[in-house]
Amino acid sequence: MKIWIQKYVKRFFCQKIFLALLFVLPIGTFFFAYLAHRDSTSVKVGIVADSENAFSADIKSELIKHQGILQFLSFHSVEEMKREIQEGNLECGYFFPTDMEEKYNRHQYSGVVEQYYRKGGQFHVLVREVVLTGIFRQYGEIMAKDYIQHSGLFHTEYVSDTVIEEQYRENLKNQQTFSILVNSTASAKKKLGDYLVAPVRGFISLLIMLAGFCGLSMYFEDRRRELPAALCGTMRYPLSVLSIAVPVFCVSSVGLLSEAVCGFGFLTLKEIAYMLIYDIIVVLFCNALSVLRIQEGTLWVGALVYVCASAIFTPVFINLSVFLPGIQSFSYLCLPNYFLNAVFGGWMEMIQIFVLLALLLGINLLKKRRG
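What counts and how
Residues numbered from 1 in each chain as written. Predicted model: local features only at pLDDT ≥ 70, side-chain atom pairs only at ≥ 80, totals over all residues. Heavy atoms only, no water. Phe/Tyr/Trp six-rings, centres within 6.5 Å; stacked < 30°, edge-to-face > 60°. Helix = DSSP H or I, 4+ residues; strand = E, 2+ residues; numbered from the N terminus. Buried < 20%, exposed > 50% of the residue type's maximum accessible area, 1.4 Å probe, protein only. Polar contact = N/O pair within 3.5 Å; in protein donor to acceptor, adjacent residues only side chain to side chain. Contact = heavy atoms within 4.5 Å. Pairing = 2+ DSSP bridges. Axes fitted to C-alpha atoms, helices over the stretch in contact; angles between N-to-C directions.

Peer 1: Please provide a residue-by-residue account of the packing of aromatic side chains, values included.
Peer 2: A full pass over the atoms with the stated rule returns five aromatic pairs. Pairing F313 with F330 gives two aromatic rings, centres 5.2 Å apart and planes at 25°, and the pair type is stacked. One end of the pair, F313, is in helix α12 (residues 296-313); the other, F330, is in the loop between α12 and α13 (335-344), and 17 residues separate them in sequence. A residue is classified by how much of its surface remains accessible, and F330, at 41% relative accessible area, is partly exposed. Aromatic ring contacts, followed pair by pair, group F213, F285 and Y306 into a single cluster.

Peer 1: I'd like a description of the side chain of N337, backed by residues and values.
Peer 2: Tracing the chain through its elements places N337 in helix α13. On the accessibility criterion, N337 (3% relative accessible area) is buried. Side-chain polar atoms of N337 contact the backbone oxygen of S331, separated by 3.5 Å. In this structure, N337 is in contact with T314, P315, S331 and Y332, ignoring residues within four places of it in sequence.

Peer 1: Describe the sheet that holds strand β2 (residues 70-74), naming the residues involved and giving the relevant values.
Peer 2: The strands making up a sheet associate through hydrogen bonds between their backbones, and the pairing can be parallel or antiparallel. With mixed pairing, the four strands of this open sheet are ordered in space as β2-β1-β3-β4. The two strands at the open ends of the sheet, each matched to only one other strand, are β2 and β4 (114-117). Put simply, the sheet's adjacent strands are angled 25° from each other on average, direction ignored. Two strands pair when backbone bridges link them, and strand β1 (residues 43-49) and β2 are joined in this way by five bridges, in the parallel orientation. The residue of β2 that forms the bridge with I47 is S74.

See below:
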């Protein structure tokens, strides 16, 4: 078997399609790495607030200090901020009125802060949550003081505002108080470019699929040439698996190496393990298709359709199910979907990929038994 593996490795490295895959993979990974590490990947948001008003000024200062995907910039007037939004220099903008605190004290929460955003933008929804977080972090202190002083829960002694403020800030710093904090976990990415981790992994998973079809095409060619080992005997099933496994694991290895070389520090043992499982799934899937009696051209048309469908229905570059919830059911027909869900998901996604692995393994065992 070792001799056969060496022969297949040499054979695939002589194939132009396979060499193209190995060439495109590091180039594509480097491209995503370049986008991920650019400084211009942050989303810029404008803020207009009266500096003489302590409440709105504190909120503005809180947001400007925000580090991560969003970059908040201060403007002197709403007209200037709106002009920057129209020119595409800002994703959106917010105006904090001077009577903001008074309206909140009167329990008037709707329509207090004015939001401006350009047509066709998508990030203003995320920005809105971050702005609400900043407002709550400031007004929550006022709410805490008012509640403690008037709730009647503290009869033993008077609790000063200074003590409440110190405890509130300490708990907020330690994340022990209730707040709506977006991306507060240690695993949250710090730049917009870091969200390109999903396209990188998805891009590699699509190329692994193409490598599987490349190996399947090679097996079809052997069968068309009526090679004895590819048609009958004990070597028939192992060679069909081997012809698919060699390119799959070669592309997968190059993909992992490309991620590491291009500086993606979030390459974990979890991802490596799931990529190994995904490689086995692709091999079993393509090997199950080896029973088909079709021409090589037909195979490649079907392969390209399937890979393109996977790129569309699976959240590789964009999650279309957010806009079209009905297409989410189609993603379960695409193998990359299970890999990406397992890497980013939890126990349920892990169960799904193992169920798929068991299903394909059963199909291949049945195929082997029937000869």
